[in-house]
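Geometric and topological summary
Spelled out, the chains give:
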Amino acid sequence: MSGPDVPGAAQGVESRRAALQLLDAVLRQGKSVDAAMGRAFRHLKRADDRGLAAAIAGEVLRRLPDYDRLIDSATQRPLPDNAKARMVLRMALAQALALGTPHHAAISTALPLLAGGPKRLAHGVFGTLSRQDVQLPEIPALPDPVALRWRDNWGDAMVSAAARAIAAPPPLDLTLTDPAATAEWADRLGGRSLIPGHVRCERASVVDLPGYADGQWWVQDISASLPARLFGAGEGRQALDLCAAPGGKTLQLAAQGWRVTALDRAESRLARLSDNLERTGLSAELVTADALHWATAERYDAILIDAPCSATGIFRRHPDVLYRATPRIIAESAEIQMAMLDRALRWLKPGGVLVYAVCSLEPAEGETVAQDFLAAHPAFAIDPVDPAMLPAGLSPSPEGWLRILPGQIADPGGADGFFLVRFRHS
C-alpha cells in the first residue's frame, strides 16, 4: 500500500477531480450527469481522460449504497453523506473493486483531492478494506428511498430484478431502417433480434460498427422503439412527434412512411436529430419550440408524446436518475405530462391516434395520467396494444396499455422501464 504522499501521485488526478465534480453535481446539486458533464470535464483535453472520469462517476452511482456500507464498516463514526472524504473513498473503491485499477493507483490518485482535508483518515479506511480483501456483492443494493417506493408500487420481485439489472451497463440495441433486413443485420453485427427491425449486440464503439456510416440503423433501447410501432404504416399521412429529441422515434415514424413534424425545445438536440436524418436518408420537418406554448393551424393523423418525466426507467444506462427523481420531481413531471396531453388534442384530427409514453417506473407518471386523461376526455378510448408486436415476455395490461418493468422481457439483456398507451378519438 502506498503512503498518503506518494511521489508522482498527481498522475491521473485531473480525471479523478473531474469525476468528483460530476458526482458532486449529481448528488448534492441534483443535476443530471449529462447536464453536469460539460463543466466538470472542461479542463480534460483527452478523450480517454474524459472516458475515465465518466466511468468512475458512473460506477460510483451504479453501486453507491454498496460502497457506503463498506466505508461505514471501517469507520468508528459514519462520515457525513456529503463529506468529501466519503466521496473520494467511493471513487477509490469503485476503481479498485469494479474498474480493475490497482489498489495503490486508486488511492494515490484519490488522496490529492483531499488537500487540506482528512487524508490519513481516507488512507486508513481504504487500507483497512484492502487488507480485508473486501468484494462487492453480486447483486447491488438500490438506494433505500427508491427500493421502498418501488416495493410499494410493484412488489419484491420487481425490486430484485431492478437490482440485478443495475449490476452492469446494458447491451446495445439498434433499430433498423429496413425491418425486412433484420436477419441479415443480426448476422453481420453478431447480434440477436427480439422483434423485426431490432438487433441487440454487445456494447461497442457505435461509429465503428457495420451499417453506421450508411445509415442502416440507429441506437435505441427496445422499449423506446415500441411507441412509434403502435402507429403502423404511415402511407404519407401526417404525424407530430412532440419532445422529439434525441430523435429515435422520429426516425422510426419517417421509416414507417409518415410525414413527420418533429418538435423539441432543445435546438442542440434537434441538431443531432438532423445529423441522423441525413445519415439515414430519412426526412422530417424540425421545429424548435416548447410544446406547451407552440401553436399551429395544422392537424395531424397521429401524435406521439414521449413526455418529459423522471426517467427512472433508464436507470440501467443512467444510474444518476435514482438520486434525482424525488417525489416532488415525479409529481411535477406528471402535471406537465397531463398538460401536454391536453394541449396536443387541439392538433389531432377527428379519428386520429394519440400515443403517450414515458420512460418512467412510477405509476404516477403512467397509469395515473392515462386514467386521468380518459376521465377528462370521454371522446377518447384506449386502443389496446397488440401482443403480437411485443418482444417475448411482454404483454398488455387488461386495460390495454403496456407497462414494462425490470425482469419482464425474456432476453437476459433486459429493457428500459417504460409505460405506453394508445388513445383513439371516436
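Structure: above.
What comes next is a walk through the structure. (Residues numbered from 1 in each chain as written. Predicted model: local features only at pLDDT ≥ 70, side-chain atom pairs only at ≥ 80, totals over all residues. Heavy atoms only, no water.)

1. Let's talk about the sheet that holds strand β2 (residues 198-201)
Read across the sheet, 3 strands follow the order β2-β1-β3 without closing on themselves; strand pairing throughout is antiparallel. Here the strands that pair on one side only, and so sit at the sheet edges, are β2 and β3 (217-219). For this sheet, the mean inter-axis angle between neighbouring strands, taken without regard to orientation, is 30 degrees. (Pairing = 2+ DSSP bridges. Helix = DSSP H or I, 4+ residues; strand = E, 2+ residues; numbered from the N terminus. Axes fitted to C-alpha atoms, helices over the stretch in contact; angles between N-to-C directions.)

2. Here we look at the state of the cysteines
What makes a disulfide is a covalent bond joining the sulfur atoms belonging to two cysteines. Summed over the entire model, instances satisfying the criterion amount to 0 disulfides. With no disulfide of its own, Cys243 lies 10.0 Å from the sulfur of Cys309, the closest cysteine sulfur. Residue class for Cys243 comes out buried when judged on its relative accessible area of 18%. (Disulfide = S-S within 2.5 Å. Buried < 20%, exposed > 50% of the residue type's maximum accessible area, 1.4 Å probe, protein only.)

3. What to know about helix α8 (residues 144-154)
Taken together, the buried positions of α8 are Val146, Ala147, Arg149 and Trp150. The arc that holds the buried residues of α8, viewed along the axis, is 165 degrees, so those residues lie on one side. Residues of α8 that are exposed and angled more than 90 degrees away from the buried face: Asp144, Pro145, Leu148 and Asp152. Contacts from the buried residues of α8 go to α9 (156-165), α14 (321-324) and α15 (327-344). Where α8 terminates, the next one or two residues include Gly155, which has phi positive at roughly 100 degrees. (Arc of directions from axis to C-beta. Contact = heavy atoms within 4.5 Å.)

4. Observations regarding the environment of Gln220
The topology assignment puts Gln220 in the loop between β3 and α11 (226-229). Among the residues examined, Gln220 registers a relative accessible area of 6% and is labelled buried. Separated by 188 residues in the primary sequence, Gln220 and Gln408 place their C-alpha atoms 18 Å from one another. Excluding residues that lie within four positions of it along the chain, Gln220 makes contacts with Asp173, Leu174, Thr175, Ser225, Gly248, Lys249 and Gln252.

5. Looking at the layout of surface pockets
Looking at the second largest pocket, its volume works out to about 460 Å³. Taken together, 19 residues form the lining of the second largest pocket, with Leu27, Asp81, Asn82, Met87 and Arg90 sitting closest to its centre. Those elements giving two or more residues to the lining of the second largest pocket turn out to be α1 (13-27), α4 (64-73) and α5 (84-97). The leading source of residues in the lining of the second largest pocket is α1, at 6 residues. Across the lining of the second largest pocket, the residue classes tally to 9 nonpolar, 3 polar and 7 charged. (1 Å grid on protein atoms, 1.4 Å probe; cavity = no way out; pocket = protein on both sides within 12 Å on 5 of 7 lines; lining within 4 Å. Points joined across faces, edges and corners; volume = space filled by probe spheres on them. Nonpolar A, V, L, I, M, F, W, Y, C, P; charged D, E, K, R; others polar.)

6. Quick look at the nonpolar core
Within soluble globular proteins, side chains that are nonpolar tend to cluster in buried spots. Judged by nonpolar contacts, the single largest core of 85 residues is most densely connected at Trp150, Leu242, Ile303 and Leu354. The element best represented in this core is strand β8 (residues 348-358), accounting for 7 residues. Leaving out residues up to four positions away in the same chain, Ile303 has contacts with Phe231, Leu240, Leu242, Ala344, Trp347, Leu348, Val353, Leu354 and Val355. Counting 44 residues, the second-largest nonpolar core is a separate cluster that includes Ala18, Ile56, Leu93 and Leu136. (Core = buried A, V, L, I, M, F, W, Y, C linked by side-chain atoms within 4.5 Å.)

7. Brief notes about the pattern of salt bridges
Under the defined criterion, the tally for this structure stands at 26 salt bridges. Of the charged contacts, one joins Arg328 and Glu332 as a salt bridge, the two residues approaching to 3.1 Å between their closest N and O atoms. Separated by 4 residues within a single helix, Arg328 and Glu332 lie in helix α15, roughly one turn from each other. For Arg328, a relative accessible area of 53% gives the class exposed. Taking relative accessible area as the criterion, Glu332 reaches 38% and is therefore assigned partly exposed. Notably, a salt bridge pairs Arg422 with Asp383, separated by 3.4 Å at the nearest N-O pair. You can see Arg422 sitting in strand β11 (residues 418-425) and its partner Asp383 sitting in the loop between β9 (380-382) and β10 (402-404), a full 39 residues away along the chain. Several salt bridges share partner residues, and in doing so they unite Asp68, Asp72, Arg86 and Arg90 into one network. (Salt bridge = Lys/Arg side-chain N within 4 Å of Asp/Glu carboxyl O.)

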